[in-house]
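This is what each chain is made of:
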Amino acid sequence: MELIVAVDSNWAIGNKDNLLVSIPEDHKFFRQVTMGNVVILGRKTLAGFPNGLPLAGRDNIIFSRNPNFRVKGGIVVHSKEELFETLKQFKERKIFVIGGGTIYEMLLPYCQYAHVTKIDYKYEADTYFPNLDAMDNWKIIGDSDEHTYFDLEFYFYKYENMSPKQIPD
């Protein structure tokens, strides 16, 4: 399993259930990496998508604690155990965790790779991603040159988890 996230210089990812900033080049990267694959996201993240609909061209697995929550075009799971059971049908596919904060935190230990867009700016935020640079088991294995969007500088990094947990069979 892998994850993909955009963070500011404090590892913030959101404020009031919204992304901190919208950078077209980052969105393009996200589409390229996740297209044709499986994405795992929370209900609040789904609500932030256009019309609150699952992402086209990907199998969407939406995590919700609400047992009555349903969404057309997506698979809804209600527990980590149910998620792991559902993932068995996608063994031959790449699986990406795409947010939000609670979902990242729950599944980070199971991810082998993290694709992190680091934005060189501090935003007002209420949701944060764990600082991979401060974790001994996460190492940078790839990075990009500086990119800019207006006056924002950002970089693409790829991290590897040196000891990921295995998803139970």
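Quick caveat, the model's predicted, so the values are computed rather than measured. (Residues numbered from 1 in each chain as written. Predicted model: local features only at pLDDT ≥ 70, side-chain atom pairs only at ≥ 80, totals over all residues. Heavy atoms only, no water.)

Visitor: Before we move on, can you summarise the overall build of the chain with the specific residues and values?
Guide: Each helix and strand in the chain was counted, giving 4 helices and 12 strands. A compact globule built from 169 residues would reach a C-alpha radius of gyration of about 15 Å, and the chain, at 15 Å, matches this within 12%. Scored against the burial criterion, the 169 residues of the chain give a buried share of 44%. Sequence separation of 24 or more characterises 63% of the internal contacts of the chain that already satisfy a separation of 6 or more. (Helix = DSSP H or I, 4+ residues; strand = E, 2+ residues; numbered from the N terminus. Rg over C-alpha atoms; globule rule 2.2 N^0.38 Å. Buried < 20%, exposed > 50% of the residue type's maximum accessible area, 1.4 Å probe, protein only. Contact = heavy atoms within 4.5 Å.)

Visitor: Mind laying out the sheet that holds strand E3 (residues 18-19), listing which residues take part and the relevant values?
Guide: Read from one edge of the open sheet, 3 strands run E3-E2-E9, paired in antiparallel fashion. Two strands bound the open sheet, and with one partner strand each, they are E3 and strand E9 (127-128). In the sheet, strand E2 (residues 12-15) pairs with E9 via 2 bridges, with the strands oriented antiparallel. If you follow glycine 14 over to E9, its bridge partner there is threonine 127. (Pairing = 2+ DSSP bridges.)

Visitor: Which residues make up the environment of isoleucine 140, and what values do they have?
Guide: Looking at the secondary structure, you find isoleucine 140 in strand E10 (residues 138-143). When its relative accessible area of 41% is taken as the criterion, isoleucine 140 is described as partly exposed. Distance in space between the C-alpha atoms of isoleucine 140 and histidine 115 is 9.9 Å, their sequence separation being 25 residues. Ignoring sequence-local partners within four residues, the contact set of isoleucine 140 consists of Asp133, Tyr157, Lys158 and Tyr159.

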